[in-house]
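# Results of the structural survey
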Amino acid sequence: MIEDIPSHSLDMDNLVEDDDVIFIDDVEEVVNAYDTGDSEEEDAMEEDEDLVFVFRGHELGSIFCGSLSKNGKLAITGGEEDKAYVWDTSTGEIILACIDHKDSIIFSAFNHDETYAATGDMSGIIQVWRLVDKIKIWDYNMGDATWMMWHIAANVLLAGSIHGEIYMWKIPDGDCKVFQGYGCRAETGAMFLDGKRIAVGYEDGVIRVLDLKTCSVLSTISSALGHSSTITAIDCYSDNNLIISAAVDGKTIISTSNTGKIVSVLQNFNNVKHVVNDDQDAESSDGNNNWVETVAFCKDPTFQVAATGTISGEIFIWDILKQVLRQTKIQESGVSKLVWKGNTSILFSAGLDGLLRCYEAKSGQRLRTFLSHKADILDLYISENGEKALTTSDDFTAKIFDISSLS
């Protein structure tokens, strides 16, 4: 079905091999970890300086999800009132209203070549719209859904269900494959850069790597060895092997997709103390009260790190070669999503206090704080050209910021 998916060229000499990893238990020194102690008032930027547009088309509820076109000229957002919109990011003009949904929209995104836009709701209704003529060309009801995604290089949609099945459709034909469920929710998924496999995290803490062509399970990271509760976030590294995952059990784990081997438990809030600066006492965090909500590998090949953000407001920058903590940032509220700006070391953090923060992750410097929303930021997306950022919120608005000066 997807035999023609292009492969990616990778520099294998610079990738992490299993035999070369340093386990976290063997490392005594945690480098450059600190709490900035900065106050938001000191360097907060007024939103008018970088704000491009405030979209108020979602008048009746929170906006749960959003995406941008590659050049940032179009946005697609979906929310609580069972509708999604494609709109112009400069003027707010609604290009397309995506209706006929029966529940809150949890997915709204353009495909890889921006010929289609797809929307999906919690009840499992998925619709695909052809952008050139604004015609709905495909729809499907899969039953209650947990997540959806476009394939990175083909017109293929994937989705996870509350029963654990993974659906895959070829668009616009609608040819369907279904991966076996395991009696629990398929909570989240991430695609490898080879475009041939996805890593799926489940409600019971299990992670499975699935082959998209054969529908087979290539490797499994069991709950007995890895996570013991619901997976909250997962990402795949550019080497097509390493996986970073986080769960409600308070653990952050790096594992390998090829063998299912756990490389290291980077963090466990049940028994690991946070590292802070010398003039503060270390604080313990109970895994029942704090966990990592978002994870993201940096795409800069010269800066091999991953970022993780917790519901209590910590951001951790991890050296993935040595599996040690490089830096810690403390925010005044929880982190809902972390996104790297392209292939740079610029990291954006969406806050549950409505603030959008931007960091230079190599130095740890906070570059900008956007006074963004009056309620939680629920989603964050950065255009491929790196010029615009989209935030969606519980305050019924979506905002576009000019971030072209941040590099």
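Our subject is the structure listed above.
The following refers to the structure shown. (Residues numbered from 1 in each chain as written. Predicted model: local features only at pLDDT ≥ 70, side-chain atom pairs only at ≥ 80, totals over all residues. Heavy atoms only, no water.)

Further remarks concern the overall build of the protein. A count of helical and extended segments in the protein gives 1 helix and 33 strands. The buried share of the protein, reckoned over its 407 residues, is 56%. Excluding contacts between residues fewer than 6 apart, the proportion of contacts in the protein whose partners are at least 24 apart in sequence is 47%. For the protein, the exposed area adds up to about 16700 Å²; of that, 46% sits on carbon and sulfur atoms. (Helix = DSSP H or I, 4+ residues; strand = E, 2+ residues; numbered from the N terminus. Buried < 20%, exposed > 50% of the residue type's maximum accessible area, 1.4 Å probe, protein only. Contact = heavy atoms within 4.5 Å. Areas by Shrake-Rupley, 256 points an atom, 1.4 Å probe, with all protein chains shown as cover.)

Attention now moves to the pattern of salt bridges. Going through the model one piece at a time under the given rule, you end up with 10 salt bridges. Salt-bridge contacts for D139 lead to K136; the nearest nitrogen and oxygen are separated by 3.7 Å. If you follow the salt bridges from partner to partner, you end up with D100, K136 and D139 in one network. (Salt bridge = Lys/Arg side-chain N within 4 Å of Asp/Glu carboxyl O.)

What follows concerns the sheet that holds strand 9 (residues 125–130). Strand order in the open sheet made by the 4 strands is 7-8-9-10, with antiparallel pairing throughout. Of all the strands in the sheet, the pair left with one neighbour each is strand 7 (105–110) and strand 10 (135–141). Strand-to-strand twist in this sheet, taken as the mean axis angle between neighbours without regard to direction, amounts to 15 degrees. As paired elements, strand 9 and strand 10 share 6 bridges and run antiparallel to each other. (Pairing = 2+ DSSP bridges. Axes fitted to C-alpha atoms, helices over the stretch in contact; angles between N-to-C directions.)

Here the focus is the pairing of strand 33 (residues 398–402). Across a regular strand the side chains alternate sides, sitting on one face of the sheet and then on the other. Strand 33 sits mainly inside the fold: 4 of its 5 residues count as buried. One ladder, built from 4 bridges, connects strand 2 (residues 51–55) with strand 33; its direction is antiparallel. Looking at strand 33, one finds that F55 is bridged to A398. Note: strand 32 (residues 388–393) against strand 33, 5 bridges, orientation antiparallel. Looking at the pairing, L390 lines up with I400 of strand 33. Between strand 32 and the antiparallel strand that follows it, strand 33, lie 4 residues; F396 among them carries a positive phi value of about 75 degrees.

The next point concerns the side chain of D379. In this fold, D379 is placed in strand 31 (residues 377–382). Under the relative-accessibility criterion, D379 is labelled buried at 9%. For D379, the side chain forms a polar contact with the main-chain nitrogen of G66, separated by 2.9 Å. (Polar contact = N/O pair within 3.5 Å; in protein donor to acceptor, adjacent residues only side chain to side chain.)

The peptide bond linking I171 to P172 adopts the cis configuration, its omega dihedral lying at 10 degrees. Here P172 shows up in the loop between strand 13 (166–170) and strand 14 (176–179). Of note, C215 is a non-glycine position whose phi angle comes to about 60 degrees, a positive value. Mapped onto the fold, C215 is located in the loop between strand 17 (207–211) and strand 18 (217–221). Despite not being glycine, F396 shows a phi value in the positive range, around 75 degrees. Here F396 lies in the loop between strand 32 and strand 33.

Turning next to the environment of V206. Assignment of secondary structure puts V206 in the loop between strand 16 (197–202) and strand 17. Residue classification places V206 among the buried residues on the basis of a relative accessible area of 7%. In contact with V206, other than residues within four places in its own chain, are V200, G201, T220, I221, S222, S223 and I231.

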